[in-house]
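Chain and residue survey
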Amino acid sequence: MRYDAIVIGAGPGGYATAIRIAQKGKKVLVAEKDRVGGECLNYGCIPSKALIELANSIAYLRDMPGMKLDLSPDFEEWQKWKWSMVNKLTGGVETLFKAYGVELRKGSATILDRNTVRIGENELECENLVIATGSVPATIAGFGDVWYNRDILDFKKVPESLVIIGGGYIGIELGTAFSKLGSKVTVVEMMDSILPGVDRDLVSPVERKLKSLGVEVKTSARVKEVTRQGTFTVKLEDGTELNAENVLLTVGRRPNTEGFGLENLKLEMNGRFIKTDSRKATSVQGVYAVGDVSGEPMLAHKAYYDADVAADNICGEERHVEYKAMPFVIYSDPEISYTGTKGEKVSVFPVAANGRSLGMNNSVGTYRVYYDSSGYITGAGLVAPHSSEMISEVSLAVEAGLMGMDLGLTIHPHPTISEGLREAAEASYGKALHFKSGR
Ligand code: NAI
């Protein structure tokens, strides 16, 4: 039997491609050597956000004047809950596979040629092949048995002290969470700022918050050596020595292109990534690549989007990716969310003037909406509680070609954090109600 498509990898990119193809009535098989749901559902996005939510809730009560918190967390129990929650989610994906007739084959797939994949003893034939093998954490040789994202998210006890090497997405998100849970956290970042590549205006409120939490951030700092004798010693190039119960290494991820016969296809590469065109097609006819393995940004929602586009093309409906309103979210405190581009003009509203945020004991952050010279919204950068839930309003504004007035004249419910976004937009053509100036 010849499949219309075989998908390798059942993370967000792979499982979404498989379901989309099956929804169009085609015969599709997906191969997965580990757990359905990939890094994101099992060991990344979902469990890390569950942990961050817990840490935020604890810190919220602890920091609220007048509250006395007497908690005795049992993280073994919490881990059981976490895995049961993750299993519900991944079980849901497997149920969808069954409902749409996607064939799931557990096992390690090897590509023999563009139409043939071996899984275990079987050689399977396909019309189209989709590579959705994701990414793996970057490692540094000689750094010993440090924690990576999977290890830290399976913790059973909060470490008294934690050194995090890498002040990127994972370092800042988990550093904040473990600090709130009681660890003494030190973040070591080799660049001159944490979250390199993210606009400074968005990062500085988060830096202030990290400071107030007692997180020590060492920038322009390079790690020379990590040794362990019971506890860890992290030696920096300037001679500083940091001691910690645990070390988390989170210095980026690299595309997973090894160990599954990719070399047999002789695909064109783009650095370490598989090169694709805007249809998510590779240089070899009938072979597609989606998600982390096919290029930056390595984000699950980009993988879902790639999956839609690849599936349409495989099913004969030509479609192209257009990443112009790609949202980015960092689950820091407050959350940083941005989308689109900076444009030529900006209008700003402070979180300190938003009633809902104040009621949540948070006055840190800003709403920044960006416009082109004609006043069309080009993007936004939001540093505010739950900004992850607001940023899509701006992506929609960019996609729909809206102006500041379109957002500003739209009634937003009161009291909400999203009202601040409306007021920032209002400031682009007049005055925000709750803030003077704003232009
Ligand atoms: P990252 O690329 O975000 O950050 C890595 C950091 O490590 C950078 O700041 C880099 O300058 C620093 N670094 C690199 N080598 C170093 C060294 N030797 N010493 C000190 N610092 C060093 O990577 P991260 O945090 O590991 O996350 C991996 C991926 O997962 C990212 O691509 C991100 O897109 C994704 N992710 C996304 C999340 C979200 O969307 N909220 C959450 C977590 C991860």
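Residues numbered from 1 in each chain as written. Predicted model: local features only at pLDDT ≥ 70, side-chain atom pairs only at ≥ 80, totals over all residues. Heavy atoms only, no water.

Remarks on the overall build of the protein
For clarity, the threshold we go by: A helix here means a DSSP run of H or I that spans at least four residues, while a strand means a run of E at least two residues long, and both kinds are numbered starting from the N terminus. Using C-alpha atoms as the atom set, the radius of gyration is obtained and then compared with a globule rule of 2.2 Å times the number of residues to the power 0.38. Type-normalised accessible area, obtained with a 1.4 Å probe on protein chains alone, sets the label of each residue: buried when under 20%, exposed when over 50%, and partly exposed for intermediate values. For this count, His and the chain ends are skipped, Lys and Arg are scored as positive, and Asp and Glu as negative. Lys charges are placed at NZ, Arg charges at CZ, Asp charges at CG and Glu charges at CD.
Of regular secondary structure, the protein possesses 12 helices and 23 strands. For 439 residues, the compact-globule estimate of 2.2 N^0.38 gives 22 Å, and the protein sits close to it at 23 Å. Across its three principal directions, the C-alpha atoms of the protein cover 65 × 60 × 40 Å. Looking at the protein residue by residue over its 439 residues, the buried ones come to 52%. In the protein, the 50 positive side-chain charges and the 56 negative ones have mean positions that sit 1 Å from each other.

Digging into the pairing of strand β1 (residues 2–8)
Inclusion rule: By this definition, two strands are paired if DSSP reports at least two bridges between them. When the strands point away from the viewer, a crossover counts as right-handed if the path from the first strand over the helix to the second runs clockwise.
Among the seven residues of β1, five are classified as buried, and the element is accordingly described as predominantly covered. Strand direction decides the pairing type here: β1 and strand β6 (residues 122–131), joined by six bridges, are parallel. Paired with I8 across the two strands is I131, which belongs to β6. With four bridges joining them, β1 and strand β2 (residues 28–32) adopt parallel strand pairing. Considered in β2, the bridge of I8 is made with A31. Tracing the backbone out of β1, into helix α1 (residues 12–23) and back to the parallel element β2 gives a crossover that is right-handed.

Focus: the state of the cysteines
To keep things clear, this is the line we draw: Note on terminology: disulfide denotes any pair of cysteine sulfur atoms within 2.5 Å.
This structure, assessed with the given rule, holds one disulfide. As a non-bridged cysteine, C126 has C315 as the owner of its nearest cysteine sulfur, 14 Å distant.

Things to note about the site of the ligand
Selection criterion: We call a residue near a molecule or strand when any one of its heavy atoms sits within 4 Å of it. Side-chain atoms alone can form a polar contact between residues adjacent in sequence; in general such a contact is a pair of N or O atoms within 3.5 Å, and within protein one must be able to donate a hydrogen while the other accepts it. To measure how exposed things are, a 1.4 Å probe is used in the Shrake-Rupley method; for residues, cover is taken only from the protein chains shown. All residues other than Ala, Val, Leu, Ile, Met, Phe, Trp, Tyr, Cys, Pro, Asp, Glu, Lys and Arg, Gly among them, are scored as polar; the first ten of these are nonpolar and the last four charged. Each domain span listed reflects an automatic or database assignment of domains.
The local shell around the ligand holds 22 residues, among which I170, E173, E189, T250 and V329 are the closest. Measuring from an oxygen atom of the ligand, one finds a backbone N or O atom of G252 at 2.9 Å. Here the ligand, which alone exposes 840 Å², has 81% of that area covered by the protein. By residue number, the principal contributor to the shell around the ligand is helix α6 (residues 169–180), which donates three residues. Class assignment of the residues belonging to the shell around the ligand gives a composition of 13 nonpolar, five polar and four charged. For the shell around the ligand, the domains that each give at least three residues are domain 1 (2–136 + 254–314) and domain 2 (149–251).

Details of unusual backbone geometry
Residues D333 and P334 are joined by a peptide bond in cis, for which omega reads -10 degrees. Residue position: P334 is located in the loop between β19 (328–330) and β20 (336–340). Residue P415 follows H414 across a cis peptide bond; omega there is -5 degrees. Take P415: it is sitting in the loop between α11 (404–408) and α12 (418–426). Residues other than glycine seldom take positive phi values, yet L195 does so here, at roughly 45 degrees. Following the sequence through the fold, L195 ends up in the loop between β9 (184–188) and α7 (200–213). For L195, a relative accessible area of 2% translates into the label buried. One non-glycine residue, S220, lies in positive phi territory at about 50 degrees.

Some details on the domain arrangement of the protein
The test is simple: Note on contacts: a residue pair qualifies if any of its non-hydrogen atoms lie within 4.5 Å across the two residues. Buried area is calculated as the accessible area (1.4 Å probe) missing from two parts once they are joined, with the contributions of both summed. Any carboxyl oxygen of Asp or Glu that lies within 4 Å of a side-chain nitrogen of Lys or Arg is treated as forming a salt bridge with it.
Examined at the domain level, the protein breaks down into domain 1 (2–136 + 254–314), domain 2 (149–251) and domain 3 (328–427). The straight-line distance from the C-alpha centre of domain 1 to that of domain 3 is 31 Å. With eight residues of domain 1 at the interface, the matching set in domain 3 holds five residues. Between domain 1 and domain 3 the total buried area reaches about 550 Å² when both faces are included, carbon and sulfur atoms providing 67% of it. When the area that domain 1 buries against domain 3 is broken down by residue, the three leading residues are K49, I52 and Y60, summing to 46%. Summed over the shared surface of domain 1 and domain 3, the result is zero salt bridges. Across the domain 1-domain 3 interface, the total number found is zero residue pairs in polar contact (both at pLDDT 80 or more).

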